[in-house]
Number of protein chains: 12
Amino acid sequence: MRLLVVNGPNLNLLGQRDPDHYGRITLTEVQDRLLERARELGVELTFFQSNSEGALIDFLQQEARGAQGIIINPGALTHYSLALRDALADTRLPVMEVHLSNIHAREEWRARSVVAPVSLGQLSGTGWRGYLYALDFLVAHVREEGAR
Amino acid sequence: MRLLVVNGPNLNLLGQRDPDHYGRITLTEVQDRLLERARELGVELTFFQSNSEGALIDFLQQEARGAQGIIINPGALTHYSLALRDALADTRLPVMEVHLSNIHAREEWRARSVVAPVSLGQLSGTGWRGYLYALDFLVAHVREEGAR
Amino acid sequence: MRLLVVNGPNLNLLGQRDPDHYGRITLTEVQDRLLERARELGVELTFFQSNSEGALIDFLQQEARGAQGIIINPGALTHYSLALRDALADTRLPVMEVHLSNIHAREEWRARSVVAPVSLGQLSGTGWRGYLYALDFLVAHVREEGAR
Amino acid sequence: MRLLVVNGPNLNLLGQRDPDHYGRITLTEVQDRLLERARELGVELTFFQSNSEGALIDFLQQEARGAQGIIINPGALTHYSLALRDALADTRLPVMEVHLSNIHAREEWRARSVVAPVSLGQLSGTGWRGYLYALDFLVAHVREEGAR
Amino acid sequence: MRLLVVNGPNLNLLGQRDPDHYGRITLTEVQDRLLERARELGVELTFFQSNSEGALIDFLQQEARGAQGIIINPGALTHYSLALRDALADTRLPVMEVHLSNIHAREEWRARSVVAPVSLGQLSGTGWRGYLYALDFLVAHVREEGAR
Amino acid sequence: MRLLVVNGPNLNLLGQRDPDHYGRITLTEVQDRLLERARELGVELTFFQSNSEGALIDFLQQEARGAQGIIINPGALTHYSLALRDALADTRLPVMEVHLSNIHAREEWRARSVVAPVSLGQLSGTGWRGYLYALDFLVAHVREEGAR
Amino acid sequence: MRLLVVNGPNLNLLGQRDPDHYGRITLTEVQDRLLERARELGVELTFFQSNSEGALIDFLQQEARGAQGIIINPGALTHYSLALRDALADTRLPVMEVHLSNIHAREEWRARSVVAPVSLGQLSGTGWRGYLYALDFLVAHVREEGAR
Amino acid sequence: MRLLVVNGPNLNLLGQRDPDHYGRITLTEVQDRLLERARELGVELTFFQSNSEGALIDFLQQEARGAQGIIINPGALTHYSLALRDALADTRLPVMEVHLSNIHAREEWRARSVVAPVSLGQLSGTGWRGYLYALDFLVAHVREEGAR
Amino acid sequence: MRLLVVNGPNLNLLGQRDPDHYGRITLTEVQDRLLERARELGVELTFFQSNSEGALIDFLQQEARGAQGIIINPGALTHYSLALRDALADTRLPVMEVHLSNIHAREEWRARSVVAPVSLGQLSGTGWRGYLYALDFLVAHVREEGAR
Amino acid sequence: MRLLVVNGPNLNLLGQRDPDHYGRITLTEVQDRLLERARELGVELTFFQSNSEGALIDFLQQEARGAQGIIINPGALTHYSLALRDALADTRLPVMEVHLSNIHAREEWRARSVVAPVSLGQLSGTGWRGYLYALDFLVAHVREEGAR
Amino acid sequence: MRLLVVNGPNLNLLGQRDPDHYGRITLTEVQDRLLERARELGVELTFFQSNSEGALIDFLQQEARGAQGIIINPGALTHYSLALRDALADTRLPVMEVHLSNIHAREEWRARSVVAPVSLGQLSGTGWRGYLYALDFLVAHVREEGAR
Amino acid sequence: MRLLVVNGPNLNLLGQRDPDHYGRITLTEVQDRLLERARELGVELTFFQSNSEGALIDFLQQEARGAQGIIINPGALTHYSLALRDALADTRLPVMEVHLSNIHAREEWRARSVVAPVSLGQLSGTGWRGYLYALDFLVAHVREEGAR
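The shown structure was predicted, so the numbers you read here are calculated from the model rather than taken from an experiment. Sequence order sets the numbering: in each chain, residues are counted from 1 along the sequence as written. Here every chain gets a letter starting at A, and every ligand a number starting at 1, in the order they are written. With pLDDT at 70 or above as the cut-off, local features in this predicted model cover only qualifying residues; side-chain atom pairs require 80 or more to be listed or tallied, and sums for whole chains, interfaces and linings still use all residues. Side-chain calculation: all heavy atoms of the structure are included, whereas hydrogens and water are not.

## Some words on the overall build of chain A
Okay, so step 1: Here a strand is any run of E in DSSP of at least two residues, a helix any run of H or I of at least four, and the numbering for each starts at the N terminus. Check the secondary structure of chain A and you find 5 helices and 5 strands.
Okay, so step 2: Only C-alpha atoms enter the radius of gyration, while the globule expectation follows 2.2 Å times N to the 0.38, with N the number of residues. In terms of C-alpha radius of gyration, chain A reaches 14 Å, essentially the compact-globule figure of 15 Å for 148 residues.
Okay, so step 3: Expressed as lengths along the three principal axes of its C-alpha atoms, the size of chain A is roughly 40 × 30 × 25 Å.
Okay, so step 4: Three exposure classes are used, based on accessible area relative to the maximum for each residue type with a 1.4 Å probe and protein chains only: buried under 20%, partly exposed in between, and exposed over 50%. For chain A, buried positions account for 65% of its 148 residues.
Okay, so step 5: By definition, residues are in contact when any of their heavy atoms lie within 4.5 Å. In chain A, of all internal contacts separated by at least 6 residues, the share reaching a separation of at least 24 is 73%.
Okay, so step 6: As displayed, chain A offers around 5,600 Å² of accessible surface, 44% of which is attributable to carbon and sulfur atoms.
Okay, so step 7: Taken as two groups, the 15 positive and 18 negative side-chain charges of chain A have centres that lie 2 Å from each other. Values of accessible area rely on a 1.4 Å probe in the Shrake-Rupley scheme; residue burial ignores everything except the protein chains shown. Residues scored as charged are limited to Lys and Arg (positive) and Asp and Glu (negative), so that His and the chain ends carry no count. Positions of charges follow a simple convention, taking NZ of Lys, CZ of Arg, CG of Asp or CD of Glu.

## Things to note about the packing of helix α2 (residues 27-41) of chain I against helix α5 (residues 129-147) of chain I
Residue and element names in this part refer to chain I.
Okay, so step 1: Packing of α2 against α5 leaves a shortest axis separation of 10 Å and a crossing angle of 30°. By the angle between their directions, the pair α2 and α5 is classed as roughly parallel. For the element pair α2 and α5, the recorded crossing hand is right-handed. Mapping the contact onto sequence places Val30, Arg33, Leu34, Arg37, Ala38 and Leu41 in α2 and Tyr131, Leu132, Leu135, Asp136, Val139 and Arg143 in α5.
Okay, so step 2: Residue polarity follows a fixed list, in which Ala, Val, Leu, Ile, Met, Phe, Trp, Tyr, Cys and Pro are nonpolar, Asp, Glu, Lys and Arg are charged, and the others, Gly among them, are polar. Looking at the contact of α2 with α5 residue by residue, the classes come out as 8 nonpolar, no polar and 4 charged. Only the stretch in contact is used when fitting a helix axis, every axis being a line fitted to C-alpha atoms; angles between N-to-C directions are given from 0 to 180 degrees. Working definition: roughly parallel below 35 degrees, roughly antiparallel above 145 degrees, roughly perpendicular at 65 to 115 degrees, and oblique for all remaining angles. The hand of a helix crossing depends on one turn: near helix anticlockwise from the far one by less than a right angle means left-handed, and clockwise means right-handed.

## Concerning the interface of chain J and chain G
Okay, so step 1: Counting residues at the interface gives 21 residues for chain J, matched by 21 residues for chain G.
Okay, so step 2: Here the buried area means the combined drop in accessible surface, using a 1.4 Å probe, for two parts upon being joined, counting both sides. Where chain J abuts chain G, roughly 1,800 Å² becomes buried across the two surfaces, and 52% of that area is made up of carbon and sulfur atoms.
Okay, so step 3: Between glutamate 144 of chain J and arginine 129 of chain G there is a salt bridge, with the nearest N and O atoms lying 2.8 Å from each other.
Okay, so step 4: As used in this structure description, the phrase polar contact means that two N or O atoms lie within 3.5 Å; if the pair is within protein, one of them must be able to donate a hydrogen and the other to accept it, and residues adjacent in sequence are counted only when both atoms belong to side chains. Between the two partners, chain J and chain G, sit 13 residue pairs in polar contact (both at pLDDT 80 or more).
Okay, so step 5: When contributions to the side of chain J that touches chain G are tallied by element, the ones reaching two or more residues are β5 (121-124) and α5 (129-147) of chain J.
Okay, so step 6: The greatest single-element share of the side of chain J that touches chain G, amounting to 6 residues, is contributed by α5 of chain J.
Okay, so step 7: Looking at the side of chain J that touches chain G residue by residue, the class counts come to 9 nonpolar, 9 polar and 3 charged.
Okay, so step 8: Here a strand pair is declared whenever DSSP counts at least two bridges between the two strands. Pairing geometry for strand β5 (residues 121-124) of chain G and β5 of chain J, over 3 bridges, is antiparallel. Note that in β5 of chain J the partner of glutamine 122 of chain G across the bridge is serine 124 of chain J. One side-chain nitrogen of Lys or Arg within 4 Å of one carboxyl oxygen of Asp or Glu is enough to make a salt bridge.

## Description of the relation of the copies chain A and chain B
Okay, so step 1: Expressed as a screw operation, the relation of chain A to chain B combines 0.0 Å of axial shift with a rotation of 180°, fitting to an RMSD of 0.0 Å. Taken together, the rotation angle and the small translation identify this as a two-fold axis. Among all C-alpha atoms of chain A, that of leucine 123 of chain A lies closest to the rotation axis, at 2.4 Å. When the copies are superposed, the least-squares fit takes in the C-alpha atoms of residues with a pLDDT of at least 70 in both.

## A few points about the relation of the copies chain J and chain G
Okay, so step 1: Rotating chain J by 180° and moving it 0.0 Å along the rotation axis overlays it on chain G with an RMSD of 0.0 Å.
Okay, so step 2: Taken together, the interface assignments show that 100% of the residues at the interface of chain J recur at the interface of chain G, consistent with an identical surface on both copies.

## Some details on the pairing of β5 of chain J
All names here are of chain J.
Okay, so step 1: The two faces of β5 match: Gly121 and Leu123 on one face and Gln122 and Ser124 on the other face are all buried.
Okay, so step 2: In the sheet, strand β4 (residues 95-99) pairs with β5 via 4 bridges, with the strands oriented parallel. Residue pairing across strands places glutamate 97 opposite glutamine 122, the latter belonging to β5.

## Details of the environment of leucine 56 of chain B
Okay, so step 1: As for its position among the elements, leucine 56 of chain B is in helix α3 (residues 53-63).
Okay, so step 2: Linking leucine 56 of chain B and glutamate 107 of chain B, residues 51 residues apart in sequence, is a C-alpha distance of 26 Å.

## Quick word on the packing of aromatic side chains
Okay, so step 1: Pairing of aromatic rings covers Phe, Tyr and Trp, the last through its six-membered ring, and needs centres within 6.5 Å; plane angles under 30 degrees mean stacked, over 60 mean edge-to-face, and all others mean tilted. This model, assessed by the stated rule, comprises 30 aromatic pairs over all chains.
Okay, so step 2: An angle of 5° between the planes, with centres 4.4 Å apart, marks the rings of phenylalanine 48 of chain A and phenylalanine 59 of chain A as stacked. Here phenylalanine 59 of chain A lies in helix α3 (residues 53-63) and phenylalanine 48 of chain A lies in strand β2 (residues 44-49), a separation of 11 residues in the sequence.
Okay, so step 3: The exposure class of phenylalanine 48 of chain A is partly exposed, given its relative accessible area of 23%.
Okay, so step 4: Three or more aromatic residues link up through ring pairs in this structure, and these residues are Tyr80 of chain A, Tyr80 of chain J together with Tyr80 of chain L.
Okay, so step 5: Two conditions define a charge located above a ring, namely a distance within 6 Å from the ring centre to NZ of Lys or CZ of Arg, and an angle within 35 degrees of the ring normal. The ring of tryptophan 128 of chain B carries arginine 33 of chain B above its face, with NZ or CZ at 4.2 Å from the centroid.

## Remarks on the pairing of strand β1 (residues 2-7) of chain K
Both faces of the sheet carry side chains from a regular strand, because those side chains alternate between them.
Residues and elements named next belong to chain K.
Okay, so step 1: The element β1 is largely enclosed, with a buried count of 6 among its 6 residues.
Okay, so step 2: The side-chain alternation of β1 yields two buried faces, one formed by Arg2, Leu4 and Val6 and the other by Leu3, Val5 and Asn7.
Okay, so step 3: With 6 bridges connecting them, β1 and strand β2 (residues 44-49) associate as parallel partners. Directly across from valine 6, in β2, lies its bridge partner phenylalanine 48.
Okay, so step 4: Relative to strand β3 (residues 69-73), β1 is paired through 5 bridges, and the arrangement is parallel. Note that in β3 the partner of valine 5 across the bridge is isoleucine 71.

Right, here's the structure in full:
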């Protein structure tokens, strides 16, 4: 099983931006922890980060074929990128949406995700651990679906 | 460490209601899996379910004292029970909000949680596994906070 | 055939409250007329009234099993009790919604029923007779469905 | 006692349009059942159907004088015909509004009736039987008012 | 100079409907007073009333050619008949809008006229006299425009 | 009979501001024509103009006692001065609202008058003649009311 | 194959109204071009225009039986005639919606079509040519559907 | 004279919850001060607090008969409990609404009280003293009404 | 301690306007009762009333220096005068907002106070007594703050 | 004459994505059909597709100079890319907007095009044929404009 | 060249109000710096400040004649004074709007200026320097316009 | 001191696009004037323009480290690019927002800037000079902050 792990704009700065708020862990360290867990679960991960909506869509179009699921933190694109939503829907893969902070605990517009209607689930406010939970859930989901 | 695991209206029927949609697992079985994980993590759990907003608030007021965190699936109260929100806020405990299905993938009003602004995070669309993730996160969070 | 007849908050005061507006008939008298009609139609009725949303949900969960349909006047819960709506939907029974006064002839918010989307039909402004029409319709509906 | 039974646009096609949804009964058959019941109740009925808002208003203006009440299913005019509403109000007769399907169980705009504020009551989702209930209620209402 | 005086749905009942509110003057009497004033002003009037939006549009299309202005009370069509608005705009004639009661002193939706954006002016709440003022203004306006 | 004729902010510049739009007639000339007509009708007029909301309210409080009606063009205060509305309502006199241009033919917010709910009628888009029509109507109205 | 070509209010004036904006071509000329193209495509056309919503619905009810598709320009009824929408839906025929000018390039309310949800497609801003494109598309669509 | 003093969800924790914000006074102490003042005024008080909407309604139904007025702080139910509002209205007693903090100085939704339309007055932001003012006002109001 | 007691537009007419609604007490009499109570409490009062927003702001700017608190009934300025709000905020004094009638029991817009976000509390619907309660609360508040 | 044919995000996958919904024709095949028609019409076409908003704008800026018109299907950028809209407007070329499915027959937000206000027309729901109609219309339009 | 520099409510307190937020510079000092710059630029300035909307309008009416442009900070009147907007528009002079703090970085309603649609430009968040920039821009603008 | 000067989509065409509206000055010429002023002020400038949101974010991430402030004209991204807003906020540098035309003098949506809440100030409608004012203000601001 191969899964895509996709991060949107500004998430490459994780660990540098506002460390009191987001913690001091970097995106590379998050990816290391994901790799470790993936090895335990016997699955393969492909990582991608970009600040460009177009590059994210290009990646999804090219890599979706050989993959069985997607973990995505679209950053601020969450709230308006209908093009990213279309790209996710076109993959026909199960999608898990992850947000480091709780987007539902702040202004009303932050709670709106245009990506959610094409996702299996959404994890919000669980920091870097949210990626691990998404990985765990996606693997279980794909295996259960496959077993049917 | 003692945590409260609270379920709101209609969640006692889990496993009977719409099994194709929610799965065949019952609330008791979910609680068993939580207990098992809690044992591994070395924490204690107190369960409560009620169809009554008032009873849920009573429970929170009485049990919050000796507890260090709350996992709650408020069911449909999620969308309007400001009284439940006040009760959660008054406990001053970290709260994790769990929803079996993805409330952000449907009608706009379902995506609105009046409880979210007083919660650490929200897990939505991860079925019964969401409770385990919430437990895992809450224990890690409380221990990290305690370590500061 | 057994049907549930459920009344929400403040409907126990029928006949005492604002008699010029709601008439002088009491809830007991309405239930007597329903029983009489039920006898003619050969069906059994189970009555319940409560001012508590939780108690209404408890009743629906416990009694729905042996019943074939529900007549409900949710009182003011009509406009916000999404938990009651879930409970009604979970019964998977045909539901008829009854309102004594015409909720569509007043302020805009009164016209909104959160229960309507899980109901077969809605009778509004026909006073106590609305319960009889709901009974008549539900019996005919269940028998026609059964005959298919 | 004479009552008007008025049907708006597209209701002449009843029985032909979407029979799985609206049933196979035609408007003529509904009117026959109404006549039968009217005979039992000792009242006279005048029927009218038109696809034209103007013709419906003309009819109401001409026939209201000798009538004691109105049963109307305005079809899609329900949602915008303020002119029909004025015509109904000008008759100063009690009005019962009937809808075959439950207009409150669908999109929000379908639940809005501009005619409701000048009506005694509204029956929605009770199919052709709704006309009978409206007849029954109107006769009872007029007789009770007359008895005061 | 020839002017059109057009009245929409339900205005044929003027004098009969709610006389305490609208006065006891009939539409014919209003037209007589307009004719009298028109004679003094040396202009010709063509009257038309219909309950049908389509008939009103037909009239405007046929009579606009030989006319220099339009006085219209669209009745309830004021609030939604964009087709009537188009017909008025297509005449390219100056239009005066008249309302017997003050449509701005009641519910917010009554204050909205879809016809107003293609009219010179609007007279509201001045009863039958409003037609006279509209006539007076339109004659003055046309003569001043002609004099340029 | 004595009537008040009140003009709000910026109306003192009538004739100077945008003459192509509002005409070249000054406020003094409008008042002269009103005086002439008032003489014919046998009524007395008291004029007042101010750019200050407070001064307009002071005037209404002091002069309302001996007056039988008010003609007012509140200028831009029309759209927000709830204090002016209160002052008008407190006089308990019949009020006619006049606007030189058609406030209903432009942006939606211009069509909203907070003063309208306490006025008998509103004349909009009839230029300086609107004052004369308001005078004519108010005199007729007061005499008819007095004759009752 | 027989198709209906239906035009709503004010479209009979095509060529006379605002020729700089809509062109000088008349409705008859548009119909001639459509006939010519229909002959090439081997299909039959039935034309209808009316200013009356009711007459348009009558036509659709009577002619839909022997037809395979509908081209309609509902004029201003586009924005509010839910009755016309019902009539179109009841025909169960494929519908193409045509607008001479680009209704999406102006005020927001003009962009809203209540007819669109029951149409295959919408052509807007392509002048009289839009009818030809609609004809071409409808014929191709019906033939492809028939070939399945 | 007997008055009811009713407190809604979470108010039993007064003095413990957020003491910097709400003060350290407990609900019992507030009630003691009310009793003292009531003695001075010669009136009797009946206290009730519950976290359950249903229990609050039960109390009002049972105790309203022998009472002359109600002081209520509905807690968070203020913003959505239309059932509580109905119960208050059904008592036909004068109602005073009290809020410890100023609900109008925060988010817009907090300023909305569904209970206010059936209340005499609302005291907001005056802490525990608000109950005393409500008591004082209610006693004066009832005596003045009685004196009429 | 010196407090400012400020009344906005139209409140100078208290006692004359709508006595059935507002009572027959005049503003002078209210001020006398306030003075009496102030003497008991040992505080000094400075009164001001104006119909002009600008004059109210001038007063606040000049008098705030030597004062410890403000009681204000802004009249209709409550709903839109952001300039008055700024002036109140600039004084940095505790502010109590008073309304004679219950502004929350009527139209939705009346419930909105732009002044509330800079006030300690709001008393609404308690007639002239509201000023006394405001005085009492402000004195207690200032003394408690001073005692910290 | 040279025209630009521009496709936005995800349209490169045409034929692969949801073939039951969009058909099995690929973007290359659509372009072949366009080229064929262009040859007949004697015009030259330049194709471009990108998933990146920025690349689409770059293309328009560079190629607009030598072109006479633009056919664009902006994909999901239709609904929010004001930058694309600016780029189209800056070209000062006639623009035709094409959508494969009927964007007006679904959710309300899909019907909103931020690009429409700078376009000549919009073709929606006509599948790949829409590009041909747009080509045909644009050529006719440019030639007619040139002939003036 | 003569320019008007106008300040609205509460700006006379500049330097005293919230010095940490607005700085310690007074309005007089700002005016001195403006005068100095004006001398360099060879233009004359007339200053005015008032807390009264009416006085600001009076000033603009009297002084606009001999002036070539206006710099205005309307204070809180920015958000609702349509009368001030009319007065500015009537001057037909170029207007520059200045705000000390960034009104677009806070609540949504603060970002709305009713004055902006009649202004050349708006400077927000640049403190006292904004007046200098406005002066600089206005002088350049007037000279460039004069040079055409 | 080094400052970043960033321009978003379509601003590279400055001078070519709509010269009557935006003037004939090119982006290069604007940058030359900025360089000249920067030299006078003793600061260094780094310029960047792109039509791609992603490239703008990349630039900000890479260059923010060695810079002390940012001047940005985000073009149409102003109204929706929450990703750009995040990138600006992550730099933790003071930001000045510049718009050539007055975005507050047109449609309501143009007045909304999602970037404003993370900016010091906004200059709108001052053409190319706005960049100079932003430069001047930013230098003064940074030096004053540094001096604290």
